[in-house]
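# A look at the structure
As a plain string of letters, each chain reads:
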Amino acid sequence: MWVLWGSVYLAIRLVVEEVDPFQAMAQRFLLAGTILSIVVLVRRGWRGLKVTRLQLVGLVVTGVLLLGLGNGFQALAQVEGLPSGVAALIVASVPAWAVILRACTGDRPSSATVVGVAVGFSGLVLLVALGRGMGGALPVVGVVLCLGSSIAWTIGAWLQGRLSLPDDIFAIAAYQQLIAALCSASLAVASGEHLSTDYTARGWFGLAYLVVACSIVGFLAFAWLLTHVPLSLTATHAYVNPVVAVLLGWLVLGEPITVAVSVGGAVVVAAVVVIVTAENRATSSPTAVDDAVAEHPV
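Since the structure is predicted, the reported quantities are computational estimates derived from the model, not experimental observations.

Criteria and thresholds
- Residues numbered from 1 in each chain as written.
- Predicted model: local features only at pLDDT ≥ 70, side-chain atom pairs only at ≥ 80, totals over all residues.
- Heavy atoms only, no water.
- Axes fitted to C-alpha atoms, helices over the stretch in contact; angles between N-to-C directions.
- Helix = DSSP H or I, 4+ residues; strand = E, 2+ residues; numbered from the N terminus.
- Parallel < 35°, antiparallel > 145°, perpendicular 65-115°, else oblique.
- Left-handed = near helix turned anticlockwise from the far one by under 90°.
- Contact = heavy atoms within 4.5 Å.
- Nonpolar A, V, L, I, M, F, W, Y, C, P; charged D, E, K, R; others polar.
- pLDDT = per-residue confidence, 0-100.
- Phe/Tyr/Trp six-rings, centres within 6.5 Å; stacked < 30°, edge-to-face > 60°.
- Buried < 20%, exposed > 50% of the residue type's maximum accessible area, 1.4 Å probe, protein only.

## Digging into the packing of helix α2 (residues 8-16) against helix α5 (residues 84-91)
Direction vectors running N to C along α2 and α5 enclose 130°, while the axes themselves pass 9 Å from each other. Relative to α5, α2 is oriented oblique. Regarding α2 and α5, the two cross each other, and that crossing is right-handed. In this structure, α2 uses Tyr9, Leu10 and Arg13 to contact α5, whose residues at the interface are Ser84, Ala87, Ala88 and Val91. Class assignment for the residues of the contact of α2 with α5 results in five nonpolar, one polar and one charged.

Laid out in structure tokens, this is it:
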């Protein structure tokens with residue numbers, strides 16, 4: 001799971017270099033959602049896909065926020081020139097946004113968590129400021145889009161534990177991806193994108209990897225881990241994935257590991273370690289588990 005979800009940023013970059021971002025994500029989610037729907041049908045038959053109106057509302061809200069906007073804005077950020085490794089480091093701030101959201105709804109965080117949030121945002125400031133100061137300024141639009149992606153994902157994850165959803169996690173994932181496909185396709189039309197599947201072999205590999213490795217195999221691995229190992233171990237993906245993403249961006253795409261990326265990224269990852277550790281010690285409620293399911297794009 002560390003490798004698969006850490007490589008999602010690289011795979012997105014390979015795809016959006018050849019096809020417009022929203023339609024690329026629409027293709028990804030349509031394929032993944034269709035395959036997951038078939039998995040549900042094989043396991044449980046048509047009854048596995050039955051949902052109530054209230055559940056459908058919950059699926060639409062979470063599907064749009066988590067995947068439609070959460071992944072769509074991140075893909076667009078990379079089109080705007082944001083390196084895939086830096087995108088992963090910014091997305092790593094999701095646990096910090098989650099703490100802020102919970103604090104705004106009356107959940108008082110521990111002192112260690114507050115320190116982790118402060119350190120995390122300091123790392124983001126360092127990441128941007130050091131890059132600008134050393135002549136490698138990050139694209140402002142790309143940074144803003146990636147932050148918007150993180151916030152959308154955070155709100156979606158928070159709502160996933162509170163809205164009415166089906167009991168089967170595979171049915172949830174199938175519906176959310178199909179809804180995200182519709183959302184991404186709508187954004188593609190609204191932004192003037194034209195339908196294209198004009199991929200090179202590299203682009204097709206990136207799309208297939210997103211669908212099979214990231215959206216299906218990675219998700220199944222995460223679902224298995226949630227029921228077989230402690231949540232504290234499963235949650236380590238939140239701070240391992242950015243490191244994997246930065247290294248893959250350097251190795252495959254030649255993205256430089258600058259002082260800004262090294263220092264700012266190290267601070268962000270350290271903050272995530274503090275937050276995740278503190279939160280795992282502070283709570284073991286069902287809501288915490290639900291939030292953990294949605295901590296990372298599938």
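Read on, since the account is not over.
## A closer look at the confidence of the model for the chain
Averaged over the chain, the pLDDT score is 85; the fraction of residues at 70 or greater is 90%. Overall, residues 285-297 carries pLDDT values under 50, and its contacts beyond four positions in sequence, including any with other chains, amount to 34 contacts.

## Re the packing of α5 against helix α8 (residues 140-160)
Orientation of α5 relative to α8, taken along the N-to-C sense of each, is 40°, at an axis distance of 9 Å. Relative to α8, α5 is oriented oblique. Where α5 crosses over α8, the two elements pack in a sense that is right-handed. Taken together, the residues of α8 that come into contact with α5 (itself represented by Ala87, Ile90 and Val91) are Val143, Cys146, Leu147 and Ser150. Per-class residue counts for the contact of α5 with α8 are six nonpolar, one polar and no charged.

## As for the packing of aromatic side chains
This model, assessed by the stated rule, comprises three aromatic pairs. Geometrically, the ring pair formed by Trp97 and Phe121 is edge-to-face, given 4.9 Å between the ring centres and 70° between the ring planes. Of this pair, Trp97 sits in helix α6 (residues 94-104) while Phe121 sits in helix α7 (residues 111-133), placing them 24 residues apart in sequence. Among the residues examined, Trp97 registers a relative accessible area of 22% and is labelled partly exposed.

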